[in-house]
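Secondary and tertiary structure notes
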Amino acid sequence: MQARLLLEDGTLFTGKAFGSTGDSVGEVVFNTGITGYQEVLSDPSYCGQIVTMTYPLIGNYGIARDDFESIRPFIHGFVVREHEMVPSNWRAEYSLDSLLKEYGIIGISGIDTRMLTRRIRHHGVMKGILTTSEKRVEELLEQMKASPLMTDQVSRVSTKSVFSAPGTKERIVLVDFGSKSGILRDLTKRGCDVVVVPQDTTADQIRRMAPDGILLSNGPGDPKDVPHAVKMIAELLGEFPIFGICLGHQLFALASGADTEKLKFGHRGGNHPVKDLATGRCYITSQNHGYTVKEDSIAGTDLEVTHINNNDKTIEGLRHKKYPAFSVQYHPEAAPGPFDSSYLFDDFLQLIRDHKQNNPQLPRQAQIAAAYKAGSTAVSASKGELHYAEK
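Predicted model, so just to flag it, every value in this text is computed and none were measured.

Our focus in this paragraph is the pairing of strand β9 (residues 126-131). Counted residue by residue, β9 has six buried out of six residues, so it is predominantly covered. Neither face of β9 is left uncovered, since the one carrying Met126, Gly128 and Leu130 and the one carrying Lys127, Ile129 and Thr131 both have all their residues buried. Bridge count between strand β1 (residues 2-7) and β9: four bridges; the pairing is antiparallel. Along β9, the bridge assignment pairs Leu6 with Ile129. Bridge count for strand β3 (residues 23-31) against β9 is six bridges, and the pairing is antiparallel.

In structure tokens form, the structure reads like this:
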């Protein structure tokens, strides 16, 4: 079956369809990763986007559920040069084609992905429509124009309820703006007691969980589309150690008084060089974002830049001068990509321990009672478990 990809500037690509059928509108972006298409497909940060893989051979090792970064894919289309229908991998449970069919995602192969990538790099990301229909180009342009890009991606991909991954060490509240499973894996393998909460959780609700630290996850879209999260972070700054990743980094910057802007074509891939300004060391990082913190907006805030991108000099890391809080624009949990930056999880836990040492806590019972006083009628603690009743 034939498939077509039409960009909003009128550029038309015609290729072969795989996966699902129909029409799909989204922002067309590209990823430069050589491996890891499963993790790309299942990264919630791609919600609402039509993803182009610059590596030409996709699907050759099939699909293994263990390599997923979320419960399901949220992308709106998949664009490849050559799609392999029959995978060769003992771990493969099924093919890329069957995965896309299962979740209603259209794929297109056999087009010049190099030309498409160069066009995006030159003109910037743009809206596109991916279709298997026989509609005229004029009809598709009208349909695309009438279909606005998503602005509620975070609410679509975030967990709808609180859940936990019990551990014996620091209690971390992980605010899920579209979190990849890799973040939870890195915390639990360090023994953390992780509580994952929805993106619209308030500061008071987090206080009542009595965390040792708060991790702000990655996620899709424009950080300014989630102002409630900015408010929550601003209220908790200085009260608990905070670590932000990707979208969490941008939200942390906004909560600290800085500003963000959209990049021309974003950073998406597993080979982005980042310089640590304190040591001069360069790390190869995994990235997936279309927005960045504006450099000139840092002046006048209590933030300092800790990392920059060696390619375009955009901000890749921030630290708060007064409070125990820092963030990075890239993904220390990697998947897919290098593991150069996994040490940042250890830095976060050390920050928590230093904060505790420098600010001796009340006895545990009194601490819990103080944390819950504004929102509960009964508080108790037994065997390390917290119990409370909401008003």
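This paragraph deals with the packing of aromatic side chains. Two numbers describe a pair of aromatic rings. These are the distance of the centres and the angle of the planes. Tallied over the entire structure, the rule returns six aromatic pairs. Ring plane angle 20 degrees and centroid distance 4.5 Å describe the contact between Phe243 and Phe326, whose orientation is recorded as stacked. Taken together, the positions of Phe243 in strand β14 (residues 242-245) and Phe326 in strand β19 (residues 325-328) put the pair 83 residues apart, joining distant regions of the chain. Assigned by exposure class, Phe243 and Phe326 land together as buried. Aromatic pair Phe243 and Phe345: ring centres 5.9 Å apart, planes at 80 degrees, arrangement edge-to-face. Here Phe243 is found in strand β14, whereas its partner Phe345 is found in helix α10 (residues 343-358), with 102 residues between them in sequence. According to the relative accessible area criterion, Phe243 is buried, its value standing at 0%. Residue Phe345 is classed as buried on the basis of its relative accessible area, which comes to 0%. Ring pairs connect the aromatic residues Phe243, Phe326, Phe345 and Phe348, which therefore count as one cluster. The ring of Phe68 carries Arg65 above its face, with NZ or CZ at 4.8 Å from the centroid.

Along helix α9 (residues 247-255), nine of the nine residues are buried, which leaves the element largely enclosed by surrounding structure. Residues of α9 that are buried include every one of Leu247, Gly248, His249, Gln250, Leu251, Phe252, Ala253, Leu254 and Ala255, and no others.

Now for the pairing of β19. Residue alternation in β19 divides its side chains into two sets, Ala325 and Ser327 and Phe326 and Val328, and both sets are buried. As defined by bridge partners, β14 adjoins β19 across four bridges and the pair is classed as parallel. Residue Ile245 lies in a different strand from β19, and its bridge partner there is Val328. Taken together, the three bridges between strand β18 (residues 315-320) and β19 define a ladder with antiparallel strand orientation. Among the inter-strand pairings, Gly317 is bridged to a residue of β19, identified as Val328. With antiparallel pairing between neighbouring strands as the criterion, β18 and β19 make up a hairpin whose turn holds four residues.

Strands belonging to one sheet form pairs held by backbone hydrogen bonds; the direction of such a pair is parallel or antiparallel. Around the barrel, which closes on itself, the seven strands sit in the order β1-β2-β8-β6-β4-β3-β9 with mixed pairing between neighbours. Taken over all neighbouring pairs, the strand axes of this sheet differ in orientation by 35 degrees on average, direction set aside. Its contacts with the sheet put helix α3 (residues 113-123) on β1, β2 (12-19), β3, β4 (49-53), β6 (77-79) and β9, and the angle it makes with β3 is roughly 85 degrees. Seen against the sheet, helix α4 (residues 137-145) touches β1, β2, β3 and β9 and runs at an angle of roughly 55 degrees to β1.

Attention now moves to the pattern of salt bridges. This structure, assessed with the given rule, holds 25 salt bridges. As a salt-bridge pair, Arg119 and Asp9 come within 2.9 Å of each other at their nearest N and O atoms. Of this pair, Arg119 sits in helix α3 while Asp9 is found in the loop between β1 and β2, placing the two residues 110 residues apart along the sequence. Here Lys224 ties to Asp259 by a salt bridge, and the two come within 2.7 Å at their closest N and O atoms. Placement of the pair is Lys224 in the loop between β13 (213-216) and α8 (227-236) and Asp259 in the loop between α9 and β15 (260-276), with a sequence separation of 35 residues. For Lys224, a relative accessible area of 41% gives the class partly exposed. Owing to a relative accessible area of 25%, Asp259 belongs among the partly exposed residues under this scheme.

Each value, and the rule that gives it
- Residues numbered from 1 in each chain as written.
- Predicted model: local features only at pLDDT ≥ 70, side-chain atom pairs only at ≥ 80, totals over all residues.
- Heavy atoms only, no water.
- Buried < 20%, exposed > 50% of the residue type's maximum accessible area, 1.4 Å probe, protein only.
- Helix = DSSP H or I, 4+ residues; strand = E, 2+ residues; numbered from the N terminus.
- Pairing = 2+ DSSP bridges.
- Phe/Tyr/Trp six-rings, centres within 6.5 Å; stacked < 30°, edge-to-face > 60°.
- Lys NZ or Arg CZ within 6 Å of the ring centre and 35° of its normal.
- Axes fitted to C-alpha atoms, helices over the stretch in contact; angles between N-to-C directions.
- Contact = heavy atoms within 4.5 Å.
- Salt bridge = Lys/Arg side-chain N within 4 Å of Asp/Glu carboxyl O.

Any functional reading would require information that these geometric values do not contain.
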